[in-house]
Amino acid sequence: MAQVAVRNVVKKYGSLQVIHGVNIDIADGEFVVLVGPSGCGKSTLLRMIAGLERISGGEVDIGGRVVNDVLPKDRDIAMVFQNYALYPHKTVAENMGFPLKLKGRPKDEIAAKVKKAAEILALEKLLDRYPKQLSGGQRQRVAMGRAIVRDPQVFLFDEPLSNLDAKLRVTMRVEIKELHQRLKTTTVYVTHDQIEAMTMADKIVVMRDGHVEQIGAPLDLYDRPANTFVAGFIGSPAMNFVLGRLEGRDGETVFVSDHGTVLPVPAGTAPRPEPVVYGIRPEHIDVRPGGIAATISVLEPTGSETQIFARIGEDPLNAAVRDRVASRPGETIPLSIDSQRVHLFDRQSGKRI
Amino acid sequence: MRSNTVGWLMLAPTIAILAVFGIAPFIYVLYVAFHHWNPFGADPLMTYNGANNFRRLVFDREFLLSIAVTIKFAFFAVVSEIILGYLLAQLFMREFPGRGLFRTVHTLPLIVAPIVVGSVWRLMTTPSIGIIPYLLKTWFGYDLNIGRDAGAAFLLTVIMDIWHWTPLVTLTLLAALLSLPKEPFEQAQIDGANRWQIFWHITLPMIRPAILATVFIRLMDALRTVDEVWMLTSGGPGAATRYVGLHIWKIVFPKTDYGYGAAISVIVLYLTLVMCWLLYVALVAPRQKKEAE
Ligand SMILES: Nc1ncnc2c1ncn2[C@@H]1O[C@H](COP(=O)(O)OP(=O)(O)OP(=O)(O)O)[C@@H](O)[C@H]1O
Ligand SMILES: [Mg+2]
């Protein structure tokens, strides 16, 4: 186990720069999730930590040792790839025991460790099979097993669940989390799925275009997103954004959208001349008498909650409510916004005000 | 439902060609092998003599010797070609200036007819004319005379075969290497494997089918080499490079002993099959059994 530090790391492919000075501090035993849209450089960063890509600038530090020039085999890390990268010509047991075999460990020790890992992951019955004889979920488990027999300093996962179906994904998510709680090994986990990030992480790193947008605990990111990108990325369904200004009216500050809709803001907000972005999460909008009148465009009942796609004047607003909604599209309903949970961002920079 | 007749009709031309040019001659050779037939000998008529031709083989020292040198030749040639071919394939996997040109040039020997290869090498090695003896003489003071030196002649036939056929091995192994997924290799690096361990535990097992297929192809080819060696050494000096193909040729054409020649051909075919089968049993079958379990 070890802490990991990424300091001012830069990655260039020729003249193309894809990572622009990233800083991340990962404490010993922490579960860190790198999340961001496709192509933002998550895999590249992970592969630099693993040593599979050269680091063009800055340094990566694992357990107090700068590893820029250390070969992957000497970094004492284990990695699980998106497509699992099992050795097709080796059985499950051989796949899992391979790292130990390379270290020249005695056969019975390898067998014992493989057995133990197989028990943890419910793979005992599959030890003699070849990868092609396994289902996707089983392969995924074998790849995890190979990682845990190592007892490495750091686990690296690159979208390990993205090839599984939705249900299995949830199961494996829980299993990985349990495993981490049990082993307490420092983990860096890459995903583009913000739900995975929210549910698994101790700390989330949100990336975009090779920059870190925000680092923080899942609920911090949810409650206080640093900018519109993070606000829109974290949380599902996504946050509503309305463009407008903060104006003073009758001694109180209100938000007035570019289309003229007036929306409430947190108490104590000062008016400002610069245009702003008004953000409110769908789950913080409720249907309540006395709310702002909105026209329903589409209703999406999911059973546990109902999503209402509505319009206030020209401004689209999406609400998610626990109760069933009796109204129909085209009708008007009163929407009430929880003004304490409104997020305001500067429109120019996108930064939180 | 698709008609079976149509399928057979489509196959008919191929089957006909195979029958006329493949199966019929083979049956004819088999037929001749059980006869005494030497149209220019004392008894020119074709007469049935049972397995006598085959009996004669067992006591034919020249034949046994030719089998021995053929196997030696095939072994050295094929082993060197596989190793060299693999190394070249690995080289072509890397980026270096002039790679495309080098790769093209390196495959040129493949398109040269064996008889031409033989003549060119003959020209290059003829004492006092060829460039190779000249260079060896001026650089190392070594006198190369493949007309006299049995060892040198043998070695030269092996080198010629390597020169001619290594590109084939390179191309097949390169294709195999290029088709490998890259994740297992990255995984192996992370698992702690060094270069040699990656080669031994990952690369080799993964390109093993390609290697085996290439070994079979090259082995069968090497066992029936005739034309190149005929041009280069004519089987000499003595019988040092008289590989079994040449041996058959000598018996069938100059000596016109067709029956005996046919018998040798049949036996050589049989030996080739047995050797490939042994290789298969030793290398391929146990693994497939293991995987099927
Ligand atoms: N070998 C390469 N040469 C040039 N550019 C590359 C190379 N590998 C990746 N890139 C670029 O680097 C950027 C980051 O790629 P990366 O694979 O890290 O994205 P990612 O965040 O993992 O995306 P995804 O979620 O789709 O896996 C992309 O814009 C990609 O085009
Ligand atoms: Mg990726």
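What counts and what doesn't
Residues numbered from 1 in each chain as written. Chains lettered and ligands numbered in written order. Predicted model: local features only at pLDDT ≥ 70, side-chain atom pairs only at ≥ 80, totals over all residues. Heavy atoms only, no water. Helix = DSSP H or I, 4+ residues; strand = E, 2+ residues; numbered from the N terminus. Buried < 20%, exposed > 50% of the residue type's maximum accessible area, 1.4 Å probe, protein only. Areas by Shrake-Rupley, 256 points an atom, 1.4 Å probe, with all protein chains shown as cover. Lys, Arg positive; Asp, Glu negative; His and termini not counted. Charge placed at Lys NZ, Arg CZ, Asp CG, Glu CD. Contact = heavy atoms within 4.5 Å. Axes fitted to C-alpha atoms, helices over the stretch in contact; angles between N-to-C directions. Parallel < 35°, antiparallel > 145°, perpendicular 65-115°, else oblique. Left-handed = near helix turned anticlockwise from the far one by under 90°. Nonpolar A, V, L, I, M, F, W, Y, C, P; charged D, E, K, R; others polar. UniProt positions renumbered as here; feature names shortened; annotations may be inferred. Arc of directions from axis to C-beta. Expected span 1.5 Å × (residues − 1). Polar contact = N/O pair within 3.5 Å; in protein donor to acceptor, adjacent residues only side chain to side chain. Domains from an automatic or database assignment. Buried area = accessible area lost by both parts, 1.4 Å probe. Pairing = 2+ DSSP bridges. Salt bridge = Lys/Arg side-chain N within 4 Å of Asp/Glu carboxyl O. Core = buried A, V, L, I, M, F, W, Y, C linked by side-chain atoms within 4.5 Å.

S.K.: Would you take a moment to explain the overall build of chain A for this structure?
M.R.: Per the secondary structure count, chain A includes eight helices and 19 strands. In terms of its C-alpha atoms, chain A occupies a principal-axis envelope of roughly 80 × 45 × 35 Å. Per-residue burial for chain A yields a buried fraction of 51% across its 353 residues. Accessible surface computed for chain A: about 16,000 Å², of which carbon and sulfur atoms make up 48%. Across chain A, the centroid of the 46 positively charged side chains sits 7 Å from that of the 43 negatively charged ones.

S.K.: Just to check I follow, could you spell out the overall build of chain B for this structure?
M.R.: For chain B, the count of helices and strands is 13 helices and two strands. For chain B, the spread of C-alpha atoms along the principal axes amounts to about 75 × 75 × 35 Å. Relative to its 293 residues, chain B shows a buried fraction of 40%. Across chain B, contacts joining residues at least 24 apart in sequence account for 67% of those joining residues at least 6 apart. Per element, the accessible surface of chain B, about 16,700 Å² overall, is 72% carbon and sulfur. Across chain B, the 22 positively charged side chains and the 17 negatively charged ones have centroids separated by 1 Å.

S.K.: What is the right way to look at the packing of helix 5 (residues 114-125) of chain B against helix 7 (residues 150-178) of chain B in this model?
M.R.: Two quantities define a packed helix pair, namely the angle between the helix axes and the distance between the axes. All names here are of chain B. Between helix 5 and helix 7, whose axes approach to 11 Å, the crossing angle comes to 130°. Overall, the two elements helix 5 and helix 7 adopt an arrangement that is oblique. When you trace helix 5 past helix 7, the crossing you get is right-handed. Counting all contacts with helix 5, which are made through Pro 114, Val 117, Gly 118, Trp 121 and Thr 125, the residues of helix 7 involved are Leu 156, Ile 159, Met 160, Trp 163 and His 164. For the contact of helix 5 with helix 7, the per-class residue count stands at seven nonpolar, three polar and no charged.

S.K.: Looking at this structure, I do not really get the UniProt feature "domain: ABC transmembrane type-1" (unreviewed entry) in chain B. What am I missing?
M.R.: Here the UniProt feature "domain: ABC transmembrane type-1" (unreviewed entry) sits at residues 67-279 of chain B. In the segment residues 67-279 of chain B, helix accounts for 76% and strand for 0%; the C-alpha atoms at its two ends are 18 Å apart.

S.K.: Could you clarify how one ought to interpret helix 4 (residues 99-107) of chain B in this entry?
M.R.: Think of an α-helix as 3.6 residues a turn; residues three or four steps apart then line up on the same face. Residue and element names in this part refer to chain B. Of the positions making up helix 4, those classed as buried are Arg 99, His 106 and Thr 107. The arc enclosing the buried residues of helix 4, seen along the axis, measures out at 95°, which places them on a common side. Elements that come into contact with the buried residues of helix 4 comprise helix 3 (61-93) and helix 7.

S.K.: Help me understand helix 3 of chain B in this model?
M.R.: Taking 1.5 Å per residue as the helical rise, helix 3 of chain B with its 33 residues ought to reach 48 Å, and the 48 Å between its terminal C-alpha atoms agrees with that figure. Its side-chain oxygen at 3.0 Å from the backbone nitrogen of Glu 62 of chain B, Asp 60 of chain B defines the N-terminal cap of helix 3 of chain B.

S.K.: Is there a simple way to think about the domain arrangement of chain A in this case?
M.R.: Interfaces are often described in size by the accessible area the parts lose on coming together. Residue and element names in this part refer to chain A. Parsing chain A into structural domains produces domain 1 (4-233) and domain 2 (240-346). Using only C-alpha atoms to locate each centre, domain 1 and domain 2 end up separated by 39 Å. Taken together, the contacts link nine residues of domain 1 with eight residues of domain 2. Taking both sides of the interface into account, the surface hidden between domain 1 and domain 2 amounts to around 640 Å²; carbon and sulfur atoms contribute 59%. Contact with domain 2 buries area across many residues of domain 1, yet Tyr 222, Thr 228 and Ala 231 alone supply 69% of it, more than any other trio. Between the two partners, domain 1 and domain 2, sit two residue pairs in polar contact (both at pLDDT 80 or more). Those elements that place two or more of their residues in the side of domain 1 that touches domain 2 are helix 7 (218-223) and helix 8 (228-233). By residue class, the composition of the side of domain 1 that touches domain 2 is five nonpolar, three polar and one charged.

S.K.: Would you mind going over the sheet that holds strand 14 (residues 272-280) of chain A with me for this structure?
M.R.: The strands that make up a sheet pair up through hydrogen bonds in the backbone, lying either parallel or antiparallel. All names here are of chain A. Read from one edge of the open sheet, five strands run 13-12-11-14-19, paired in antiparallel fashion. What marks the edges here is a single partner per strand, and that holds for strand 13 (262-263) and strand 19 (343-346). In this structure, strand 11 (residues 240-249) lies alongside strand 14, joined through six bridges in antiparallel fashion. Directly across from Leu 243, in strand 14, lies its bridge partner Val 277.

S.K.: What am I meant to see in the sheet that holds strand 15 (residues 285-301) of chain A here?
M.R.: Residues and elements named next belong to chain A. Strand order in the open sheet made by the four strands is 17-16-15-18, with antiparallel pairing throughout. The sheet is open, and its two edges are formed by strand 17 (315-321) and strand 18 (332-337), each paired on a single side. For this sheet the average axis-to-axis angle between neighbouring strands, irrespective of direction, equals 50°. Sheet analysis places strand 15 next to strand 16 (residues 306-312), joined by six bridges and oriented antiparallel. The residue bridging Thr 295 from the neighbouring strand is Arg 311, located in strand 16.

S.K.: Which parts of the structure should I look at to understand the pattern of salt bridges?
M.R.: Pairing between side chains of opposite charge can happen when their charged atoms approach one another. Residue and element names in this part refer to chain A. In this structure the tally under the stated criterion is 26 salt bridges over all chains. Measuring nitrogen to oxygen at the nearest pair gives 3.4 Å for the salt bridge that ties Glu 109 to Lys 113. Taken together, the positions of Glu 109 and Lys 113, both in helix 3 (residues 107-120) and four residues apart, correspond to about one turn of that helix. Judged by its relative accessible area of 26%, Glu 109 falls in the partly exposed class. Arg 272 is the salt-bridge partner of Asp 346, the closest N and O atoms lying 3.2 Å from each other. Here Asp 346, found in strand 19, pairs with Arg 272, found in strand 14; they are 74 residues apart in sequence, far enough to count as distant. Look at Asp 346 and you get buried, because its relative accessible area is 12%.

S.K.: Mind showing me how you'd approach the UniProt feature "transmembrane region" (unreviewed entry) in chain B here?
M.R.: All names here are of chain B. Feature annotation in UniProt assigns "transmembrane region" (unreviewed entry) to the following positions: residues 7-34, 63-88, 152-178, 198-217 and 258-283. Regarding residues 7-34, the helix share stands at 96% and the strand share at 0%, and the terminal C-alpha atoms are separated by 37 Å. Secondary structure over residues 152-178 splits into 100% helix and 0% strand, and the C-alpha atoms at its two ends are 37 Å apart.

S.K.: How should the nonpolar core be read in this particular structure?
M.R.: One broad rule of soluble globular proteins: the nonpolar side chains tend to lie buried together. Of all hydrophobic cores here, the largest spans 50 residues; its most connected members are Ala 188, Ile 202 and Ile 207 of chain B. Elements supplying a minimum of two residues to this core: helix 2 (92-102) of chain A together with helix 3, helix 5, helix 7, helix 8 (183-191), helix 9 (195-223) and helix 10 (227-232) of chain B. No other element matches the 12 residues that helix 7 of chain B contributes to this core. Grouped together as the second largest cluster of nonpolar side chains are 44 residues, Val 35, Phe 155, Met 172 and Leu 221 of chain A included.

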